[in-house]
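Chain by chain, the residues run as shown.
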Amino acid sequence: MQKMSYNLFLLAFVLGIGGAFQYGLQVSIINSPAEYIKSFIRETWLKRYGSSPSEEIITLVWSFVVSIYSIGGLLGSLSAGYLSVRFGRKKAMLFTNIPALLSATLMGLSRLCGSFEMIIAGRLFSGVCGGLALNIHLMYAGECAPRKLRGLIAITASTATAIGKFVGFALGLREVLGVDALWPILMAVNALPALVQLLTLPFFPDSPRYLLIDKKDKEGCIKAVKQLWGDGDHTAEIDDMMAEQEAIHGEKSKSVCDLFRDKAVRWQLITLFLVSSCMQFIGVNVVYFYAYDVFIKAGIPPAQTHYVSLGVGITEILTTVLCGFLIERAGRKTLLWKSYTVMALALGLLTVTLSLQDSFFWLPYCSVALIFIFIMSFGIGPAGVLCPLPTEIFIQSYRPAAYVFNGATNWIQLFVLGLLFPFIVEGLGSFCFIIFLTYCLSMAIFVFLVMPETKGKTMLQVMEEFNRLNYRGKKRQTALQQSTCSVMIVTRL
């Protein structure tokens, strides 16, 4: 067991550093050099055209720099399904490092070449890397883990994202790279994790499930299982994979259109969309937006707020690690509905404390506490628990399409909310939390009443749970019988 865990967690680390870490890094790293990049745009424009650009032009170019990352992420997400099926999880993961290196090169040389367009192009490529890496990382990690460690291994993606955000904040401090002379190096730092993964991932095998179910390579699957899990008896796990292979009857990987058409995965798709694809409606970005003002009101000097942000980042890292230890004990369903409930309560109380914070001197301190409670609940709940969800509720033939749909929906929401968010805050103020509160409360009820528990179950057992929702009467019984029959046949073999 120790050997299995060691090799598996080493793979999770390698996947994380070039996968979800890149996403977290790019989300946070853009904040620190904002003013320096705007000055660079102003200087470049003046040299080219002989006149200083208006503030509207500067704001427009900067908005392109920020928002084009989401467009790149959407393009990456849409490509993840094809690449992971056509070339396998391992080669597709290695491919994600090419746009990462391109983006680092373009942004790192932008000042030397006197081109702010290179920053925009670099952000586009870093978005493509983030969209590809997030989807393939989660799929690869989830398929490599044995049933008992599936949740824990998948959650390492959430921890990698949180560490990426923290590293981005830390590197952006004035004491590190957050100064005018060094911002090109700061923007090019994503080359390092890409190079680390390119050098280390080739030593690991492809996903055992992909090798057996998609490539029909049983020997390769057994070899991969032994390399990742050790030399113990893994017959039961391999039997589960063979049962899943038999259940899909040799069907090729499905498209996103098939997800919408096929009644057999209707409730899986509804669950994925409501609980996972709509994660942007949890409101974590809005809480981060208000955190700065809350910290100032609580008496923290403006110059010190960056260090408090590091504390928030450390909190998110620790809670995702804690989620990894809890998920196989408490279960996915329990952690989700309880954390959604706590987040809804925290958002409701934040609405009150922010509205009345000038009335009582102690209310800003309550707001600070509520922000940390919200972030802790987010880390223990959705940030971690939703990582293994697409792997667990979809069988092999639908899984790549599910990741494409989930990723694309998240990136579209990130882009749209990024555009609408300033107007929402301006119009509603702190009452904008009510929108996100409603979502969190609705999801707590949905998860508690509808979503089945997936802890410790095989893919086919989870499929049977959803068949109770997807089918009624004879059709449901037929589907359950077929699934049971498939398991019995393969087990006998």
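Refer to the structure printed above.
Asks: Sorry, what's going on with the overall build of the chain here?
Replies: Counting secondary structure elements, the chain contains 25 helices and zero strands. Computed over C-alpha atoms, the radius of gyration of the chain comes to 23 Å, within 12% of the 23 Å expected from 2.2 N^0.38 for 493 residues, which places it in the range of a compact globule. With respect to the three principal axes, the spread of C-alpha positions in the chain is 75 × 50 × 45 Å. Out of the 493 residues belonging to the chain, those deemed buried represent 56%. Partitioning the intrachain contacts of the chain with sequence separation of at least 6 by distance along the chain shows that 84% fall at a separation of at least 24.

Asks: What exactly am I supposed to notice about the packing of helix 7 (residues 117–144) against helix 8 (residues 150–171) here?
Replies: Helices that pack against each other are described as a pair by the angle of their axes relative to one another and the distance between those axes. Between helix 7 and helix 8, whose axes approach to 8 Å, the crossing angle comes to 155°. With respect to helix 8, the axis of helix 7 lies roughly antiparallel. As helix 7 packs across helix 8, the resulting crossing turns out to be right-handed. Each of L134, H137, L138, A141 and G142 in helix 7 lies in contact with helix 8, whose residues at this interface are R150, I153, A154, A157 and T161. A class-by-class count of the residues in the contact of helix 7 with helix 8 yields six nonpolar, three polar and one charged.

Asks: Help me understand the side chain of S115 in this model?
Replies: Note that S115 resides in the loop between helix 6 (97–113) and helix 7. Residue S115 is classed as buried on the basis of its relative accessible area, which comes to 12%. A distance of 3.1 Å separates polar atoms of two side chains, one belonging to S115 and the other to E117. In contact with S115, other than residues within four places in its own chain, are F40, R48 and S110.

Asks: Looking at this structure, I do not really get the packing of helix 4 (residues 55–86) against helix 7. What am I missing?
Replies: In the contact formed by helix 4 and helix 7, the axes pass within 6 Å of each other and the chain directions differ by 35°. Pair helix 4 / helix 7 crosses with right-handed handedness. Of the residues in the contact of helix 4 with helix 7, the class split is 17 nonpolar, 11 polar and one charged.

Asks: It is not clear to me how the nonpolar core should be interpreted in this structure. Could you clarify?
Replies: Nonpolar side chains in soluble globular proteins generally cluster together in the buried interior. Residues Y340 and F374 are the most contacted members of the largest nonpolar core, which totals 68 residues. A per-element tally of this core places helix 18 (residues 332–355) first, with nine residues. With residues up to four places along the chain from it excluded, the contact list for F374 reads I282, G283, V284, V287, M343, A346 and L347. Core analysis: the second largest hydrophobic core is formed by 31 residues, L15, L201, L212 and V225 among them.

Asks: Which parts of the structure should I look at to understand unusual backbone geometry?
Replies: A negative phi angle is the norm for most residues apart from glycine, just as the trans form is the norm for most peptide bonds. Residue K216 is not a glycine yet carries a positive backbone phi of 60°. Within the secondary structure layout, K216 lies in the loop between helix 11 (208–214) and helix 12 (218–229).

Asks: What is the right way to read empty space enclosed by the protein from this model?
Replies: The gaps left among the atoms become clear once a water-sized probe is rolled over them. Tallied over the entire structure, the rule returns two cavities of 30 Å³ or more. The calculated volume of the largest cavity comes to roughly 40 Å³. Around the largest cavity, the lining residues are G142, E143, A145, P146, R147, R150, R209, W229, E237, M241 and M459. Looking at the lining of the largest cavity, its residues break down into five nonpolar, one polar and five charged. Volume-wise, the second largest cavity comes out at about 30 Å³. Along its surface, the second largest cavity is lined by R147, R150, R209, E237, D240, T458 and M459.

Asks: Even after reading the chapter, I still don't get the environment of Q245, so can you show me in this structure?
Replies: Here Q245 is to be found in helix 13 (residues 235–247). Through-space distance from the C-alpha of Q245 to that of L212 is 7.9 Å; in sequence the pair is 33 residues apart. Aside from chain neighbours lying at most four places away, what touches Q245 is L212, I213, K216 and G250.

Asks: Help me understand the state of the cysteines, please; the structure alone is not making it clear to me.
Replies: Here the structure, examined in full by the defined rule, presents zero disulfides. The thiol sulfur of C257 is not disulfide-bonded, and the nearest other cysteine sulfur, from C278, lies at 19 Å. Given a relative accessible area of 47%, C257 falls into the partly exposed group. Unpaired in terms of disulfides, C432 finds its nearest cysteine sulfur in C440, a separation of 13 Å. C432 sits in the buried class, given a relative accessible area of 0%.

Asks: What's the story with the pattern of salt bridges in this structure? I'm lost.
Replies: When their charged atoms lie close together, side chains carrying opposite charge are able to pair. A full pass over the atoms with the stated rule returns 17 salt bridges. Salt-bridge contacts for E117 lead to R48; the nearest nitrogen and oxygen are separated by 2.8 Å. With E117 in helix 7 and R48 in helix 3 (residues 34–49), this residue pair connects regions lying 69 residues apart in the sequence. With a closest N to O distance of 2.9 Å, E392 and R150 form a salt bridge. With E392 in helix 21 (residues 389–393) and R150 in helix 8, this residue pair connects regions lying 242 residues apart in the sequence. R150 sits in the buried class, given a relative accessible area of 3%. By sharing partners, the salt bridges in this structure join R89, E143, R209, D214, E244 and R399 into a single network.

Asks: In this structure, what is going on with helix 17 (residues 305–330)? I would like to understand it.
Replies: Three or four residues apart is the spacing at which side chains of an α-helix point the same way, because the helix has 3.6 residues per turn. The end-to-end C-alpha distance of helix 17 is 35 Å, a good match for the 38 Å that 26 residues give at a rise of 1.5 Å each. At the C-terminal side of helix 17, G331 shows a positive phi close to 95°.

Procedures and definitions
- Residues numbered from 1 in each chain as written.
- Predicted model: local features only at pLDDT ≥ 70, side-chain atom pairs only at ≥ 80, totals over all residues.
- Heavy atoms only, no water.
- Helix = DSSP H or I, 4+ residues; strand = E, 2+ residues; numbered from the N terminus.
- Rg over C-alpha atoms; globule rule 2.2 N^0.38 Å.
- Buried < 20%, exposed > 50% of the residue type's maximum accessible area, 1.4 Å probe, protein only.
- Contact = heavy atoms within 4.5 Å.
- Axes fitted to C-alpha atoms, helices over the stretch in contact; angles between N-to-C directions.
- Parallel < 35°, antiparallel > 145°, perpendicular 65-115°, else oblique.
- Left-handed = near helix turned anticlockwise from the far one by under 90°.
- Nonpolar A, V, L, I, M, F, W, Y, C, P; charged D, E, K, R; others polar.
- Polar contact = N/O pair within 3.5 Å; in protein donor to acceptor, adjacent residues only side chain to side chain.
- Core = buried A, V, L, I, M, F, W, Y, C linked by side-chain atoms within 4.5 Å.
- 1 Å grid on protein atoms, 1.4 Å probe; cavity = no way out; pocket = protein on both sides within 12 Å on 5 of 7 lines; lining within 4 Å.
- Points joined across faces, edges and corners; volume = space filled by probe spheres on them.
- Disulfide = S-S within 2.5 Å.
- Salt bridge = Lys/Arg side-chain N within 4 Å of Asp/Glu carboxyl O.
- Expected span 1.5 Å × (residues − 1).

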